[in-house]
Amino acid sequence: MKAIILAGMAGVGYLGVMTLTLRLLPVKERALRLLQIWLVSVPLLGLAYWLTPPDLGFLPAELQDDPPWFGLVFCLGLWVAGFFGGLLQLYNLTERGLSLRLLIDVTEAGEAGLPVEEAMTGYSDGRGIAWMFGKRLDWLVAAGLVRVDGGRVTIAPSARRTARRITWLRGVLRLGEWT
Amino acid sequence: MLLIGALAGGRWFGIFVASHVFSLLLWPRQQRSRVLLMLIVAALIGALVTALLVPHGMLPGLATTGHRIVAVISALATVSCCFILYTPMYYVIVSSLTGQMLVKLNAADDGSLPLDALASPVTYRRIVEPRLDSMVASGLLRRQDGVYRATPKGIRTARTFRYLKALWQLGPGG
């Protein structure tokens, strides 16, 4: 239980630091900054686990981590999952989720609703779906995965393997058309 | 019992992955999110039952001292954590727009396409309409005479994320 309690406390603490960081600092590459903060938190959590007593001052013997060596492993494993699968995904979804943004736009249209055409032109407070596409393309260029030259977009050699893996997985899983 | 619960959870998550992959071959696209949810709930129930029934001395050479509740919590936590790591990877393959752009470019001759071929009103509609319809299938929106409106569930979801956007000062985004 110590592993779970400390990992939970790390999550709550990180959420506080993350919120303060996003609100107070002019952060350009936010996701990278969140990852950097997490990387600092990992050894701190390990240290906290090592320095605190097995009962945390209140846990009865039958609720303590057993075997003791696995407690630290489990604690850090929970924190890895909690960040990459939880907090980072929540941030990404909130910041750039396409479906979520469409949902917000439709909700803000109220009872009048939105047909598809207006959902595209009014996407993200009127920026339009083309703006979203341009943003994705800019990210791919900045990450070195594609280059844009003379009205043409070319995939970088380093990105081809990723594209082939996705294509193969989609074929194996019979996922059909993109959604 | 922490280790025993984690092992039970890990095993059930493995069963979940295998059954989820298998389900993709059987169920139509519109039902896949629902099937995913059903399978993970089944895995959680399986992990719970296993953790409740697994004997204390299951692992040779390991004397367990913990209460069985530790195994239960550990098993459920393991399945849940593996699931929240698995789901983003699955959705990158299924619906990531960035992934789709890379795949389309890779399939083109010499890995290159005109910008208009990659980003055009036709392409946009092919992306936006299925997303809206997917939200209709999951109960967040309803569609009538070609117009999409939010359901109470959709309104609650939108409100939650609008609050997070305000809290983290993220702007409209998307």
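Residues numbered from 1 in each chain as written. Chains lettered and ligands numbered in written order. Predicted model: local features only at pLDDT ≥ 70, side-chain atom pairs only at ≥ 80, totals over all residues. Heavy atoms only, no water.

## Observations regarding the pairing of strand E2 (residues 146-149) of chain A
All names here are of chain A.
Here's step 1: Sheet analysis places E2 next to strand E3 (residues 152-155), joined by 4 bridges and oriented antiparallel. Across the sheet, arginine 147 pairs through a bridge with threonine 154, a residue of E3.
Here's step 2: Connecting E2 to the next strand, E3, in antiparallel fashion are 2 residues, including glycine 150 with a positive phi near 60 degrees. (Pairing = 2+ DSSP bridges. Helix = DSSP H or I, 4+ residues; strand = E, 2+ residues; numbered from the N terminus.)

## Quick word on the nonpolar core
Here's step 1: With 100 residues, the main nonpolar core has Tyr14 of chain A together with Phe16 and Leu132 of chain B as its most contacted residues.
Here's step 2: For this core, the element with the most residues is helix H3 (residues 68-95) of chain B, which contributes 12 residues.
Here's step 3: If near-sequence neighbours (up to four positions away) are discounted, tyrosine 14 of chain A is found in contact with Leu34, Leu35, Ile37, Trp38, Trp79, Phe83 and Leu87 of chain A. (Core = buried A, V, L, I, M, F, W, Y, C linked by side-chain atoms within 4.5 Å. Buried < 20%, exposed > 50% of the residue type's maximum accessible area, 1.4 Å probe, protein only. Contact = heavy atoms within 4.5 Å.)

## Concerning the interface of chain A and chain B
Here's step 1: The interface of chain A with chain B comprises 88 residues on the first partner and 81 residues on the second.
Here's step 2: When the two sides are added together, the surface that chain A and chain B hide from each other amounts to roughly 7700 Å², 69% of it contributed by carbon and sulfur.
Here's step 3: Here glutamate 111 of chain A makes a salt bridge to arginine 142 of chain B, at a shortest N to O gap of 3.2 Å.
Here's step 4: At the surface where chain A touches chain B, the tally comes to 23 residue pairs in polar contact (both at pLDDT 80 or more).
Here's step 5: Per element, the largest residue contribution to the side of chain A that touches chain B is 17 residues, and it comes from helix H3 (residues 68-96) of chain A.
Here's step 6: Across the side of chain A that touches chain B, the residue classes break down as 49 nonpolar, 18 polar and 21 charged.
Here's step 7: Note: strand E1 (residues 114-115) of chain A against strand E3 (residues 147-150) of chain B, 2 bridges, orientation antiparallel. In the strand pairing of E3 of chain B, proline 115 of chain A is matched with valine 147 of chain B. (Buried area = accessible area lost by both parts, 1.4 Å probe. Salt bridge = Lys/Arg side-chain N within 4 Å of Asp/Glu carboxyl O. Polar contact = N/O pair within 3.5 Å; in protein donor to acceptor, adjacent residues only side chain to side chain. Nonpolar A, V, L, I, M, F, W, Y, C, P; charged D, E, K, R; others polar.)

## Some details on the sheet that holds E1 of chain A
Here's step 1: With antiparallel pairing, 3 strands are arranged side by side in an open sheet as E1(A)-E3(B)-E2(B). Looking at which strands have only one partner, the edges of the open sheet turn out to be E1 of chain A together with strand E2 (141-144) of chain B.
Here's step 2: Looking at chain direction, E2 of chain B and E3 of chain B are connected through 4 bridges and run antiparallel. Across the sheet, leucine 141 of chain B pairs through a bridge with alanine 150 of chain B, a residue of E3 of chain B.
Here's step 3: Relative to E2 of chain B, helix H6 (residues 121-137) of chain B is tilted by about 110 degrees, and along the sheet it contacts E2 and E3 of chain B. (Axes fitted to C-alpha atoms, helices over the stretch in contact; angles between N-to-C directions.)

## Quick look at a nonpolar patch on the surface
Here's step 1: On the surface, Leu37, Val41, Ile45, Leu48, Val49, Leu52 and Leu53 of chain B cluster together into a nonpolar patch covering about 620 Å² of accessible area.
Here's step 2: Along the chain, isoleucine 45 of chain B turns up in helix H2 (residues 32-53). (Patch = residues over 30% accessible without salt bridge, like charges linked within 9 Å, V, L, I, M, F, W, Y side chains within 5 Å. Areas by Shrake-Rupley, 256 points an atom, 1.4 Å probe, with all protein chains shown as cover.)

## Concerning the sheet that holds E3 of chain A
Here's step 1: Judged by pairing direction, the sheet is antiparallel, and its 3 strands sit side by side in the order E2(A)-E3(A)-E1(B) without closing on themselves. The outermost strands of the open sheet, each flanked by one partner alone, are E2 of chain A together with strand E1 (112-114) of chain B. Neighbour to neighbour, the strand axes of the sheet diverge by 20 degrees on average, direction disregarded.
Here's step 2: Bridge count between E3 of chain A and E1 of chain B: 3 bridges; the pairing is antiparallel. Within E1 of chain B, the position partnered with valine 153 of chain A by the bridge is leucine 113 of chain B.
Here's step 3: Each of E2 and E3 of chain A is contacted by helix H7 (residues 129-142) of chain A, which is oriented at about 110 degrees to E2 of chain A, the strand it contacts most.
Here's step 4: Where helix H4 (residues 97-107) of chain B meets the sheet, its contacts fall on E2 and E3 of chain A together with E1 of chain B, and the angle it forms with E3 of chain A comes to roughly 90 degrees.

## What about the confidence of the model for chain B?
Low pLDDT means the predicted coordinates in that region are not meant to be read closely.
Residue and element names in this part refer to chain B.
Here's step 1: On average, residues of chain B carry a pLDDT of 89, and 97% of them reach 70 or more.
Here's step 2: The least confident element of chain B is helix H5 (residues 115-118), whose mean pLDDT is 84; the most confident is E3, at 96.
Here's step 3: Interface confidence for the predicted complex, given as ipTM, is 0.84, next to a pTM of 0.86. (pLDDT = per-residue confidence, 0-100.)

## Examining the pattern of salt bridges
Here's step 1: Inspection of the entire model under this criterion finds 10 salt bridges over all chains.
Here's step 2: With a shortest N-O distance of 3.8 Å, glutamate 108 of chain A and arginine 101 of chain A are connected by a salt bridge.
Here's step 3: Taking relative accessible area as the criterion, arginine 101 of chain A reaches 4% and is therefore assigned buried.
Here's step 4: The shortest N-O distance in the salt bridge between glutamate 129 of chain B and arginine 125 of chain B comes to 3.1 Å. Within this pair, glutamate 129 of chain B and its partner arginine 125 of chain B are both found in helix H6, separated by 4 residues, close to a single helical turn.

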